[in-house]
Amino acid sequence: NGSLPLVIATWHVENATAKAMEVLQSGGSSLDAVEQGCMVEEANEKGQSVGKGGLPDRDGNVTLDACIMDKYGNCGSVVFLKDIKHAVSVARKVMEDTPHVMLAGDGAKQFAISKGFEVENLLTEASKKAWEEWKVKSEYKPIINIENHDTIGMLAIDKNGDISGACTTSGLAYKMAGRVGDSPIIGSGLFVDNEIGACVATGLGEEVVKTVGSFLVVELMRQGKSPQQACEEAIGRIVNKPNSNYKDFQVGYIAVNKQGETGSYSIHQWFSMTKFQDGKNEQIQSDFYNK
Ligand code: SD4
């Protein structure tokens, strides 16, 4: 069993897990921890796949997807959100201050403005330049590991053993305008069941949605699988489909159970999990299917 509190996140995001752990250690809830942890990456302009500085869609618009889920099974999400950096915080407000689970596009933005969120242009010079270079050929191919730092999904357990999770992304670079991925879809990009555990996904969202990946991982843990076994089986559902073209895309899962055990698995090499537990904040390379 793992000791509590603990935080895990997708990819190499030690600053984000450090922030979340700081929240937990000062007595904050796992919900505050995952929100504040994700916010670190949303504000980081160098991260080209979340929040400010995220790579845009084909038309040059940065559109964000995010969601959050708490120990009661409450959840909130925003899809196709423009001009508001802290999508995860807007998702939390949707959860706490509305009777709904998801808000999209202009409605989500108007709601965020009504809650006092700052409106700003999220396309940085660096992301604009990358998009302009891409436009020359306009080839759309999901890139396997864009960088060692991508969509951030985070799961935390506080000292009371209560689990929360969050996920925030600018989605796939150069996606079609209007495209929404797995990250804001409860059960696909993220699922939390405080009795059992939690899971969050990264990679090609379409493939995660088709297998309702995060819900699947939690249900497999409910049936007695360890977080590691559950992540492996969920990746198996994707790669073992007849005609699966898994060689061309990446998907990764990280999971935690109620006992504080963790797991991670991906289709291809170079997916990693950042884990903060027992005073150690470290990047752990994930095991993978395609060897
Ligand atoms: C999406 N799952 O929009 C996200 C992208 C991602 O690493 O996770 N990239 O499909």
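Here is a short report on the structure shown in this document. (Residues numbered from 1 in each chain as written. Predicted model: local features only at pLDDT ≥ 70, side-chain atom pairs only at ≥ 80, totals over all residues.)

### Regarding the overall build of the protein chain
Part 1 of the argument: Counting its secondary structure elements, the protein chain contains 8 helices and 13 strands.
Part 2 of the argument: Taken against the 2.2 N^0.38 rule, which gives 19 Å for 291 residues, the C-alpha radius of gyration of the protein chain at 17 Å falls within 12% of a compact globule.
Part 3 of the argument: Structurally, the protein chain occupies a C-alpha span of about 50 × 45 × 35 Å along its principal axes.
Part 4 of the argument: A total of 291 residues make up the protein chain; the buried ones form 55% of that total. (Helix = DSSP H or I, 4+ residues; strand = E, 2+ residues; numbered from the N terminus. Rg over C-alpha atoms; globule rule 2.2 N^0.38 Å. Buried ≥ 20, exposed ≤ 12 C-beta atoms within 10 Å, placed from the backbone.)

### Re helix 1 (residues 14–25)
Part 1 of the argument: Taking 1.5 Å as the rise per residue, helix 1 with 12 residues should run 16 Å; its terminal C-alpha atoms sit 16 Å apart, in good agreement.
Part 2 of the argument: Of the positions making up helix 1, those classed as buried are Ala16, Thr17, Lys19, Ala20, Met21, Val23 and Leu24.
Part 3 of the argument: Buried-residue contacts for helix 1 involve strand 1 (6–10), helix 2 (30–43), strand 5 (152–157), strand 11 (272–277) and strand 12 (280–285).
Part 4 of the argument: Positive backbone phi, at 90 degrees, marks Gly27, one or two positions downstream of helix 1. (Expected span 1.5 Å × (residues − 1). Contact = placed C-beta atoms within 7 Å.)

### Overview of the sheet that holds strand 9 (residues 251–257)
Part 1 of the argument: An order of 7-8-9-10-13 is seen for the 5 strands of this open sheet, with the pairing classed as mixed. Edge positions in the sheet fall to strand 7 (190–193) and strand 13 (287–288), since each has one partner strand and no second.
Part 2 of the argument: In the sheet, strand 9 pairs with strand 10 (residues 262–266) via 5 bridges, with the strands oriented antiparallel. Bridging across to strand 10, Tyr253 finds its partner in Tyr265.
Part 3 of the argument: Against the sheet, helix 7 (residues 213–222) makes contact with strand 7, strand 8 (197–203) and strand 9, and its axis sits at roughly 145 degrees relative to strand 8, the strand it touches most.
Part 4 of the argument: Docked against the sheet, helix 8 (residues 227–239) engages strand 8, strand 9 and strand 10, running at close to 20 degrees with respect to strand 10. (Pairing = 2+ DSSP bridges. Axes fitted to C-alpha atoms, helices over the stretch in contact; angles between N-to-C directions.)

### A look at the packing of helix 7 against helix 8
Part 1 of the argument: Two elements in contact, helix 7 and helix 8, have axes separated by 9 Å at closest approach and are oriented at 135 degrees. By the criterion of interaxial angle, the relationship of helix 7 to helix 8 is oblique. When the axes of helix 7 and helix 8 are compared, the crossing they make is right-handed. Side by side, helix 7 and helix 8 meet where Gly213, Leu216, Val217, Leu220 and Met221 of the first sit next to Pro227, Ala230, Cys231, Glu233, Ala234 and Arg237 of the second.
Part 2 of the argument: Across the contact of helix 7 with helix 8, the residue classes break down as 8 nonpolar, 1 polar and 2 charged. (Parallel < 35°, antiparallel > 145°, perpendicular 65-115°, else oblique. Left-handed = near helix turned anticlockwise from the far one by under 90°. Nonpolar A, V, L, I, M, F, W, Y, C, P; charged D, E, K, R; others polar.)

### Observations regarding the nonpolar core
One recurring pattern in soluble globular proteins is that nonpolar side chains are buried together.
Part 1 of the argument: If you look at the biggest cluster of nonpolar residues, it comprises 81 residues, and the most contacted ones within it are Val7, Met154 and Val217.
Part 2 of the argument: Grouped together as the second largest cluster of nonpolar side chains are 5 residues, Leu55, Leu172, Ala173 and Tyr174 included. (Core = buried A, V, L, I, M, F, W, Y, C linked by C-beta atoms within 7 Å.)

### Comments concerning unusual backbone geometry
Part 1 of the argument: Cis geometry marks the peptide bond from Leu4 to Pro5; its omega dihedral reads 0 degrees.
Part 2 of the argument: Topologically, Pro5 is positioned in the segment before strand 1.
Part 3 of the argument: Residue Val212 is not a glycine yet carries a positive backbone phi of 45 degrees.
Part 4 of the argument: With respect to the helices and strands, the residue Val212 is situated in the loop between helix 6 (205–210) and helix 7.
Part 5 of the argument: Exposure remark for Val212: the 18 C-beta atoms within 10 Å place this residue in the partly exposed category.
Part 6 of the argument: The residue Asn243 is not glycine, and still its phi comes out positive at about 65 degrees.

### A word on the packing of helix 1 against helix 2
Part 1 of the argument: Put simply, helix 1 and helix 2 touch, their axes get as near as 8 Å, and they point 150 degrees apart. Between helix 1 and helix 2, the crossing angle belongs to the class labelled roughly antiparallel. Considering the relative orientation of helix 1 and helix 2, their crossing is right-handed. For the pair helix 1 and helix 2, contact is made by Asn15, Ala16, Thr17, Lys19, Ala20, Val23 and Leu24 and by Asp32, Ala33, Val34, Gln36, Gly37, Cys38, Val40 and Glu41, respectively.
Part 2 of the argument: Within the contact of helix 1 with helix 2, the residues separate by chemical class into 8 nonpolar, 4 polar and 3 charged.

### Concerning the environment of Lys128
Part 1 of the argument: In this structure, Lys128 sits in helix 5 (residues 125–137).
Part 2 of the argument: In this structure the C-alpha to C-alpha distance between Lys128 and Pro56, which are 72 residues apart in sequence, comes to 7.9 Å.

### Some thoughts on the pairing of strand 9
Note on strand geometry: in a regular strand, side chains alternate between the two faces of the sheet.
Part 1 of the argument: Extensive coverage of strand 9 is indicated by the burial of 7 of its 7 residues.
Part 2 of the argument: With burial as the criterion, each face of strand 9 is covered, one bearing Val251, Tyr253, Ala255 and Asn257 and the other bearing Gly252, Ile254 and Val256.
Part 3 of the argument: Strand direction decides the pairing type here: strand 8 and strand 9, joined by 7 bridges, are antiparallel. Bridge pairing in strand 9 places Cys199 opposite Ala255.
Part 4 of the argument: Taken together, strand 9 and the strand that follows it, strand 10, pair antiparallel across an intervening segment of 4 residues, in which Gly260 is found at a positive phi of about 85 degrees.

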